[in-house]
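Listed below, chain by chain, are the residues.
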Amino acid sequence: MRVLTGIQASGKLHIGNYFGAMKPMVKLQEENELFTFIANYHSLTTSKDAKTLKQYTIDAAVDYLSIGIDPTKTTFWVQSHVPEVLELYWILSKFTPMGLLERGHSYKDKVANGISANHALFSYPVLMAADILMLDTQIVPVGKDQIQHVEMTRDIATKFNNEYGDIFVLPEHRVEADLATIPGIDGRKMSKSYDNAIDLFMDEKPLQKRCNKIISSSTPLGEALAWEDDNIYALASLFLDETQKQELQVRYQSGLEGYGHFKKYLKELIWEELGEAREKRAYYLSHMDEVNDILAHGATKASKVAQAKMSKVREAIGL
Ligand code: ADP
Ligand code: TRP
C-alpha cells in the first residue's frame, strides 16, 4: 500500500507524540511504501518568523530520523522542496466548492480560538488534498481531527475525476482506533500547549526532575498504592509488556515502595527506551550534511512521482 503521512513541525516532541504518532509511523514503513514529509507550507499558516520555521523543520527531520524513519525504506522530504504541489493546489481549487471549505472544523476552530482568518488558513485542506493526490496515495494515517481533511480530498478528487476522467486515486484515512490518549504530568492529555509534557530528548537530570513533578495521590509510605488511576503507572505501562505490568501492579500493592521509587523507575524506562534514538540524534546533529542529503534524495524521489502525475493532470485539463 502507498501510505502518506505529513508531519506538522511545531517544536519539541514529547512522549505523547512518540507513542501517538512517531512509533506507529516507524512501524508502517516495514510493510508499506511509506512517503513522509515535513509540512512546512502548512506550518507557514501559523508561523511567527523565518528562523523558527526553519529550525522546527530541521528539528523534526532530525528527531524523526533518530526515532527510526529509515531513509532506505521511506521517502522522506520537506514539502517546499517539491513545489509541484502548489501547482496542483491551484488546479484543485477549481474543484473545491466554497461550501466545502466553509464547513471545515479545523478552520472554524482556529478562527474561534482567535487566529485571524486568512486565505491560507481557509484553503489549508486544498493543499493537503494536493499532497495526497499528487502521489497516488492509498492510505492516510491521521488523528481524529484530520479525518475531515481526507474526506474533503476524496470529494475534490471525485469532482475532478467526474469531469476529466480517472486521474486521481481516492485515498482512505486510517485512524489507530485503540490508541490511548497519553496523560501529561498533571493527568490531562499530554500536550505542548498545556505545559504538562515530558519532552523526548531531555538530559538525564532534568528528565528525573520532570518525572518527579508527576501528580499522584498522597498515600503515605507503607500503605498499598492504587495503580489503576495513577499517572506514573499509566506512563510506565506504555513501556511494559503484560507480565511486566503485572509485576509493577504487585509492587504498587505491596506497600513497600512509594511514588518516589516509581518516578525513578519511570525515568529509567524512558531513558532506556530512547537510548538508541539519543545516540542517533547526537550523530545526526553533528552530521547535518547527511540529514540534508537524505532530505534532498527524498525530494528527488517524490518529485519524480509528482512530475509524472502533473504531466497527466495538465494534459487532462488542457494546460
Ligand atoms: P500537541 O498536543 O503537543 O500540540 P500535536 O497536536 O502536535 O501535539 O500532535 C502531533 C501528533 O502526536 C498527533 O498525531 C497526535 O495524535 C499525537 N499526540 C499528541 N499528543 C498526544 C497524546 N497525549 N496522546 C496520544 N497521541 C498524541
Ligand atoms: N494537516 C496535517 C496535520 O496537521 C499535516 C498534513 C499536511 C498531512 N498534509 C498532509 C497529513 C497530507 C497527511 C497527509 O497533522
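Residues numbered from 1 in each chain as written. Chains lettered and ligands numbered in written order. Predicted model: local features only at pLDDT ≥ 70, side-chain atom pairs only at ≥ 80, totals over all residues. Heavy atoms only, no water.

Here we look at the environment of phenylalanine 160
Okay, so step 1: Position of phenylalanine 160 among the secondary structure elements: in helix α8 (residues 147–164).
Okay, so step 2: Here the alpha-carbon distance between phenylalanine 160 and leucine 100, two residues 60 residues apart in the chain, equals 15 Å.
Okay, so step 3: If near-sequence neighbours (up to four positions away) are discounted, phenylalanine 160 is found in contact with Ile91, Phe95, Gly165, Ile167, Phe168, Val313 and Ile317. (Helix = DSSP H or I, 4+ residues; strand = E, 2+ residues; numbered from the N terminus. Contact = heavy atoms within 4.5 Å.)

Looking at the site of ligand 1
Okay, so step 1: In the vicinity of ligand 1, the residues found are His14, Gly16, Asn17, Gly20, Ala21, Ala180, Thr181, Ile182, Lys189, Met190, Ser191 and Lys192.
Okay, so step 2: At a separation of 2.9 Å, a nitrogen atom of ligand 1 approaches a polar backbone atom of isoleucine 182.
Okay, so step 3: Within the complex, the protein chains bury 70% of what would otherwise be the 540 Å² of accessible surface of ligand 1.
Okay, so step 4: In the shell around ligand 1, the residues fall into four nonpolar, six polar and two charged. (Near = heavy atom within 4 Å. Polar contact = N/O pair within 3.5 Å; in protein donor to acceptor, adjacent residues only side chain to side chain. Areas by Shrake-Rupley, 256 points an atom, 1.4 Å probe, with all protein chains shown as cover. Nonpolar A, V, L, I, M, F, W, Y, C, P; charged D, E, K, R; others polar.)

Notes on unusual backbone geometry
Okay, so step 1: For aspartate 136, which is not a glycine, the phi torsion comes out positive at approximately 50°.
Okay, so step 2: Mapping aspartate 136 onto the fold places it in the loop between α7 (119–134) and β4 (139–141).
Okay, so step 3: Backbone geometry at aspartate 195 places phi at a positive 55°, although glycine is not the residue there.

Considerations on the pattern of salt bridges
Okay, so step 1: Taken as a whole and assessed by the stated rule, the structure comprises 14 salt bridges.
Okay, so step 2: Note that lysine 23 is salt-bridged to glutamate 273, the shortest N-O span being 3.3 Å. Residue lysine 23 is located in helix α1 (residues 15–31), and its partner glutamate 273 is located in helix α12 (residues 259–273); the two are separated by 250 residues in the primary sequence.
Okay, so step 3: Linking lysine 73 and glutamate 30 is a salt bridge whose minimum nitrogen-to-oxygen distance equals 3.2 Å. Residue lysine 73 is located in the loop between α3 (50–67) and β3 (75–78), and its partner glutamate 30 is located in helix α1; the two are separated by 43 residues in the primary sequence.
Okay, so step 4: Bridged by salt links that share partners, the residues Glu30, Asp70 and Lys73 form one connected network. (Salt bridge = Lys/Arg side-chain N within 4 Å of Asp/Glu carboxyl O.)

A short note on the nonpolar core
Among soluble globular proteins, nonpolar side chains are generally buried collectively.
Okay, so step 1: Membership of the largest hydrophobic core comes to 55 residues, with the highest contact counts inside it found for Ile67, Phe76, Ile198, Leu200, Tyr252, Leu266 and Ile270.
Okay, so step 2: For this core, the element with the highest residue contribution is α1, accounting for seven residues.
Okay, so step 3: Inspection of this core shows a minimum of three residues originating in each of domain 1 (2–182 + 288–317) and domain 2 (202–273).
Okay, so step 4: Those residues in contact with isoleucine 67, other than ones at most four positions away along the chain, are Tyr18, Met22, Val26, Leu200, Phe201, Leu274 and Ala277.
Okay, so step 5: Counting residues in hydrophobic clusters, the runner-up holds 41 residues, among them Phe35, Leu101, Ala130 and Phe160. (Core = buried A, V, L, I, M, F, W, Y, C linked by side-chain atoms within 4.5 Å. Buried < 20%, exposed > 50% of the residue type's maximum accessible area, 1.4 Å probe, protein only. Domains from an automatic or database assignment.)

What about the site of ligand 2?
Okay, so step 1: In the vicinity of ligand 2, the contacting residues are Leu4, Gly6, Gln8, Phe37, Ala39, His42, Tyr124, Met128, Asp131, Ile132, Val140 and Gln146.
Okay, so step 2: Measuring from a nitrogen atom of ligand 2, one finds a side-chain N or O atom of aspartate 131 at 2.8 Å.
Okay, so step 3: Contact with the protein chains hides 88% of the accessible area of ligand 2, taken as 360 Å² for the molecule alone.
Okay, so step 4: In terms of residues, the shell around ligand 2 owes the most to one element, α7, which gives four residues.
Okay, so step 5: Among the residues making up the shell around ligand 2, the classes are represented as seven nonpolar, four polar and one charged.

Brief notes about the packing of helix α9 (residues 204–212) against α12
Okay, so step 1: At a closest axis distance of 9 Å, the pairing of α9 and α12 adopts a crossing angle of 135°. Relative to α12, α9 is oriented oblique. Of the two elements, α9 crosses α12, and the hand of that crossing is right-handed. Each of Glu204, Leu207, Gln208, Cys211 and Asn212 in α9 lies in contact with α12, whose residues at this interface are Lys263, Lys264, Leu266, Lys267, Glu268, Ile270 and Trp271. (Axes fitted to C-alpha atoms, helices over the stretch in contact; angles between N-to-C directions. Parallel < 35°, antiparallel > 145°, perpendicular 65-115°, else oblique. Left-handed = near helix turned anticlockwise from the far one by under 90°.)

Comments concerning the packing of helix α4 (residues 84–93) against helix α14 (residues 288–317)
Okay, so step 1: Between α4 and α14, the least distance of the axes is 10 Å, while the angle of their chain directions is 30°. The orientation of α4 relative to α14 falls into the category roughly parallel. As for how α4 packs across α14, the hand of that crossing is left-handed. Across the interface between the two elements, Glu84, Glu87, Leu88 and Ile91 of α4 pack against Ser303, Ala306, Gln307, Met310, Val313, Arg314 and Ile317 of α14.

Here we look at the domain arrangement of the chain
By a widespread convention, an interface's size corresponds to the accessible area lost as its parts come together.
Okay, so step 1: Domain boundaries in the chain define domain 1 (2–182 + 288–317) and domain 2 (202–273).
Okay, so step 2: One C-alpha centre belongs to domain 1, the other to domain 2; they are set 37 Å apart.
Okay, so step 3: If you look at the interface, domain 1 gives five residues, while domain 2 gives five residues.
Okay, so step 4: A buried area of about 420 Å², summed over both sides, lies between domain 1 and domain 2, and 77% of it is on carbon and sulfur atoms.
Okay, so step 5: When residues of domain 1 are sorted by the area they lose upon contact with domain 2, Ile15, Phe19 and Ile182 head the list and together hold 77% of the total.
Okay, so step 6: One can count one salt bridge joining domain 1 with domain 2.
Okay, so step 7: The residue inventory of the side of domain 1 that touches domain 2, partitioned by class, reads four nonpolar, no polar and one charged. (Buried area = accessible area lost by both parts, 1.4 Å probe.)

Examining α3
Okay, so step 1: The terminal C-alpha atoms of α3 lie 26 Å apart, and with 18 residues this matches the ideal 26 Å at 1.5 Å per residue to within 8%.
Okay, so step 2: When we look at burial in α3, the residues that qualify are Leu53, Thr57, Ala60, Ala61, Val62, Asp63, Tyr64, Leu65, Ser66 and Ile67.
Okay, so step 3: For α3, the N-terminal cap is aspartate 49; the gap from its side-chain oxygen to the backbone nitrogen of lysine 51 is 3.1 Å.
Okay, so step 4: Following α3 by one or two positions, glycine 68 adopts a phi angle in the positive range, close to 135°. (Expected span 1.5 Å × (residues − 1).)

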